[in-house]
Amino acid sequence: RDSFDLLRAAGLERVAQVRISGGGARSRLWRQIVASVLGVAVDAVAADEGAAFGAALLAGVGVGLWSDVPAACAATVHPGERITPDAADAALYTRLHAQYQALYPALKPSFAALAAYEP
């Protein structure tokens, strides 16, 4: 949500949908949570390969199979099921996000300590 808010602050207020892929995208519940947290429709891409699929598209552009990345995506990336935000859940996540934003600065040093932990 923080990253999405940064995009909106940078002038992309009109983001109408998000496409997701990979392991988490296989879960309808996870897609519903993401849609409600972001407040926009979420389409699961009809390919499970995620990052490897993107790398293959870039390689295809590199060897001339497609003229550019948008052409590669237009030819191969197809949306799957669309999930729309649940209004009640979105309101709850917005309230919880405000609490997260208040807590994060206080917890940030603990995250660094945990990352450096060696048993």
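Each value, and the rule that gives it
Residues numbered from 1 in each chain as written. Predicted model: local features only at pLDDT ≥ 70, side-chain atom pairs only at ≥ 80, totals over all residues. Heavy atoms only, no water. Patch = residues over 30% accessible without salt bridge, like charges linked within 9 Å, V, L, I, M, F, W, Y side chains within 5 Å. Areas by Shrake-Rupley, 256 points an atom, 1.4 Å probe, with all protein chains shown as cover. Salt bridge = Lys/Arg side-chain N within 4 Å of Asp/Glu carboxyl O. Helix = DSSP H or I, 4+ residues; strand = E, 2+ residues; numbered from the N terminus. Pairing = 2+ DSSP bridges. Axes fitted to C-alpha atoms, helices over the stretch in contact; angles between N-to-C directions. Contact = heavy atoms within 4.5 Å. Phe/Tyr/Trp six-rings, centres within 6.5 Å; stacked < 30°, edge-to-face > 60°. Buried < 20%, exposed > 50% of the residue type's maximum accessible area, 1.4 Å probe, protein only. pLDDT = per-residue confidence, 0-100. Left-handed = near helix turned anticlockwise from the far one by under 90°. Nonpolar A, V, L, I, M, F, W, Y, C, P; charged D, E, K, R; others polar. Right-handed = clockwise from strand over helix to strand, strands pointing away.

J.: Which residues make up a nonpolar patch on the surface, and what values go with them?
T.: Where nonpolar side chains cluster on the molecular surface, the patch consists of Y100, L103, Y104, L107, F111 and L114 and spans about 580 Å² of accessible area. When you line up the elements, Y100 lands in helix α5 (residues 87-116).

J.: Tell me about the sheet that holds strand β1 (residues 17-20), and name the residues and values.
T.: Within a sheet, adjacent strands bond to each other through the backbone by hydrogen bonds, running parallel or antiparallel. Strand order in the open sheet formed by 3 strands is β1-β2-β3, with mixed pairing between adjacent strands. Across the chains shown, the open sheet's two edge strands, defined by having one partner strand only, are β1 and β3 (79-83). Between one strand and the next, the sheet's axes are offset by a mean angle of 25°, whatever the strand orientation. Strands in contact with helix α2 (residues 28-38) are β1, β2 (41-45) and β3; relative to β3, the strand with the most contacts, it is inclined by about 60°.

J.: Account for the pattern of salt bridges, naming residues and giving values.
T.: Following the criterion strictly, the structure yields 4 salt bridges and no others. One salt-bridge network, held together by shared partners, links R28, R31 and E81.

J.: For the packing of aromatic side chains, give the residues involved together with the corresponding values.
T.: Enumeration over the complete set of coordinates arrives at 2 aromatic pairs. Between the aromatic rings of Y104 and F111, the centroid separation amounts to 5.6 Å while the plane-to-plane angle is 40°, which identifies the pairing as tilted. For F111, a relative accessible area of 40% corresponds to the partly exposed category. The structure contains a cluster of three or more aromatic residues connected by ring pairs, namely Y100, Y104 and F111.

J.: Residues and numbers for the confidence of the model for the protein, please.
T.: Scored by pLDDT, the protein comes out at a mean of 90, with 98% of its residues at no less than 70. Mean pLDDT values for the elements of the protein range from 86 in β1 up to 95 in α2.

J.: Explain the packing of α2 against α5 to me, using residue names and the numbers behind them.
T.: Closest axis-to-axis distance for the α2/α5 pair is 8 Å, and the angle between their directions is 65°. The handedness of the crossing between α2 and α5 comes out as right-handed. Between α2, through I33, S36 and V37, and α5, the contact on the second element is made entirely by D89, A90 and Y93. Along the lines of polarity and charge, the residues of the contact of α2 with α5 split into 4 nonpolar, 1 polar and 1 charged.

J.: Got a sec to walk through the pairing of β2? Specific residues and values, please.
T.: The buried fraction of β2 amounts to 5 of the 5 residues, a majority that puts the element mostly inside the structure. Burial along β2 is two-sided: the face carrying A41, D43 and V45 and the face carrying V42 and A44 are both buried. With α2 bridging β1 and the parallel β2, this β-α-β connection has right-handed handedness.

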